[in-house]
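# Observations on chain architecture
One letter stands for each residue in the lines below.
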Amino acid sequence: MAATDYKFEGWMGLDPKAVEGNMVWKEFQPKTWEETDVDIRITHSGICGSDLHTLRSGWGPTMYPCCVGHEIVGIAVRVGSQAEGDIKVGDRVGVGAQNDSCQGRKGDCEECASGLEQYCPNLMGGTYNSKHWNGDKSYGGYALYHRSPSRFVIKIPDAIPPAMAAPMLCGGITTYSPLRHNGCGPGKKVGIIGVGGLGHFGIMFAKALGADKVVAISRKANKKEDALKLGADAYIATDEDEDWANKNSRSLDLIVSTVSSSKMPISDYIALLKPSGNFVQLGAPEDGALTIPAHLLIFKRIKFGGSLIGSPSEIREMLELAAEKNVRSWVQERPMADANQAVVDMDAGKARYRYVLVNEQ
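Residues numbered from 1 in each chain as written. Predicted model: local features only at pLDDT ≥ 70, side-chain atom pairs only at ≥ 80, totals over all residues. Heavy atoms only, no water.

## Looking at a nonpolar patch on the surface
Convention followed: Patches were defined on residues exceeding 30% relative accessible area and lacking a salt bridge, with like-charge contacts within 9 Å and nonpolar side-chain contacts (Val, Leu, Ile, Met, Phe, Trp, Tyr) within 5 Å. What sets the accessible areas is the Shrake-Rupley method with a 1.4 Å probe; for residues, cover comes only from the shown protein chains. A side-chain nitrogen of Lys or Arg and a carboxyl oxygen of Asp or Glu constitute a salt bridge if their distance falls within 4 Å. Helical segments are the DSSP runs of H or I of at least four residues, strand segments are the runs of E of at least two, and each set is numbered from the N terminus. Burial classes follow relative accessibility: with a 1.4 Å probe on protein chains only, a residue under 20% of its type's maximum area counts as buried, one over 50% as exposed, and anything between as partly exposed.
Nonpolar side chains collect at one region of the surface, where Leu116, Tyr119, Met124 and Leu308 lie side by side and expose about 310 Å² of accessible area between them. Mapped onto the elements of the fold, Leu116 is located in the loop between helix H2 (110-113) and strand E7 (125-126). The exposure class assigned to Leu116 is partly exposed, which follows from its relative accessible area of 36%.

## Some words on the packing of aromatic side chains
Note the following rule: Two rings from Phe, Tyr or Trp (for Trp, the six-membered ring) form a pair when their centres sit within 6.5 Å of each other. Planes less than 30 degrees apart are called stacked, planes more than 60 degrees apart edge-to-face, and all others tilted. By the criterion adopted, a ring carries a charge over it if an Arg CZ or a Lys NZ lies within 6 Å of its centre and within 35 degrees of its normal.
Here the structure, examined in full by the defined rule, presents 12 aromatic pairs. By the ring-pair criterion, three or more aromatic residues cluster together here, those being Tyr6, Phe8, Phe28, Tyr139 and Tyr145. Geometry around Trp33 places Arg78 over its ring, the cationic atom sitting 3.6 Å from the centre. Cation over ring: Arg334 sits above Tyr355, and NZ or CZ is 4.8 Å from the ring centre.

## Some details on helix H10 (residues 312-325)
The test is simple: A helix is expected to span 1.5 Å multiplied by its residue count minus one. Should any heavy atoms of two residues lie within 4.5 Å, those residues are counted as being in contact.
The terminal C-alpha atoms of H10 lie 20 Å apart, and with 14 residues this matches the ideal 20 Å at 1.5 Å per residue to within 8%. Three or more residues of H10 are buried, namely Pro312, Glu314, Ile315, Met318, Leu319, Leu321 and Ala322. Looking at the packing, one finds that the buried side of H10 touches strand E9 (154-155), helix H4 (171-181) and helix H5 (197-208). One or two residues past the end of H10 sits Asn326, with phi positive at roughly 60 degrees.

## Considering the environment of Arg219
Counting through the fold element by element, Arg219 comes out in the loop between strand E11 (213-218) and helix H6 (224-230). Of the residues examined, Arg219 reaches a relative accessible area of 54% and is grouped as exposed. Sequence separation between Arg219 and Asp243 is 24 residues, and the spatial gap between their C-alpha atoms is 13 Å. Apart from residues no more than four positions distant in its own chain, Arg219 is found in contact with Ala237, Thr238, Asp239 and Glu240.

## Describing the domain arrangement of the chain
Where the parts come together, the accessible area they lose is often given as the size of the interface. What counts here: Each domain's extent is set by a domain assignment, obtained either automatically or from a database. Buried area: the sum, over both parts, of the accessible surface (1.4 Å probe) that disappears when the two are put together. As used in this structure description, the phrase polar contact means that two N or O atoms lie within 3.5 Å; if the pair is within protein, one of them must be able to donate a hydrogen and the other to accept it, and residues adjacent in sequence are counted only when both atoms belong to side chains. Throughout this entry, Asp, Glu, Lys and Arg are counted as charged residues, while Ala, Val, Leu, Ile, Met, Phe, Trp, Tyr, Cys and Pro are counted as nonpolar. The remaining residues, Gly among them, count as polar.
Domain annotation of the chain identifies domain 1 (9-170 + 310-358) and domain 2 (171-306). For domain 1 and domain 2, the distance between their C-alpha centres works out to 27 Å. Taken together, the contacts link 25 residues of domain 1 with 24 residues of domain 2. In total, domain 1 and domain 2 occlude about 2,000 Å² of area from one another, counting both sides; carbon and sulfur atoms represent 62% of this. In terms of surface lost to domain 2, no three residues of domain 1 exceed Met318, Trp330 and Tyr353, which account for 31% of the buried area on that side. Ionic pairing is found between Arg180 and Glu317, a salt bridge with its closest N-O pair at 2.7 Å. Counting across the interface, domain 1 meets domain 2 through 16 residue pairs in polar contact (both at pLDDT 80 or more). Of the residues that constitute the side of domain 1 that touches domain 2, the class distribution is 12 nonpolar, 5 polar and 8 charged.

What follows is the structure in structure tokens.
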């Protein structure tokens, strides 16, 4: 397919009211083509919580017009002569939350050279609402086509259906990376706070990595059945289980928190960790800062940290594990034409546990 045979069109947020179902379908100008790029005809695009934060300018002013979506799966239709990764026209490929960094360019950094592109100090190029190395604006996956530097284009294993692969490219890797980095595996007891888009992946990947015990933690008991089906060995409902923090004190080696609220009971969560345990925060609250209970960290030598998405090499590793262990995202497919309603439903917490937009043409 020649470069002139298709148009870049997608759902654009024009102001913070876009998140209320007011995105508009428009043509946009992708980044200027370079021979290291790949064009993708999008078949599937997951809806991520980050899309909502960005549409409403929740994490700071958004560069409107903005086309969100960074869980992109589709077919490579144009591959540059200098593209990396042995990608060919016709391959099924995906792009996650990052699609550019300084790698291979003037300013090449230690992080990119080490395969930690998501921590690049020169350019953490978001797949949307960001700038590419060449200064062009990035546009995401609620669209017909996406153009990305090839370093961030991932081949999707045949064993994983495209609708299930799409949410793994952000939601999946965001939980897989900290689990892997913090030694989740045999002998470990792991807690996952929040049973949602991220949390459901956290449960499945903790099990796939071989954790001895996985405990799902949520406010209400209404997700207990789902959590156990996903592979959790136990469930804590913090609003309903009496004295839960004391009853489960010092029972976990690692906690991964997927929730985005400044009001979470951090001290009670820390109580669940054994001495030298790790608490990893993934959710970035819009409603204020988290209060860190210093004395509780000190008295049990707790490490409190965070984690950001994952590198292309980690995404490939995760997809291989998902194919091998039959990890399957829980998704509800929605037509791309109904993206506005899907975003409203996502904001209302109706997804179980990930919406995926499907281009039906």
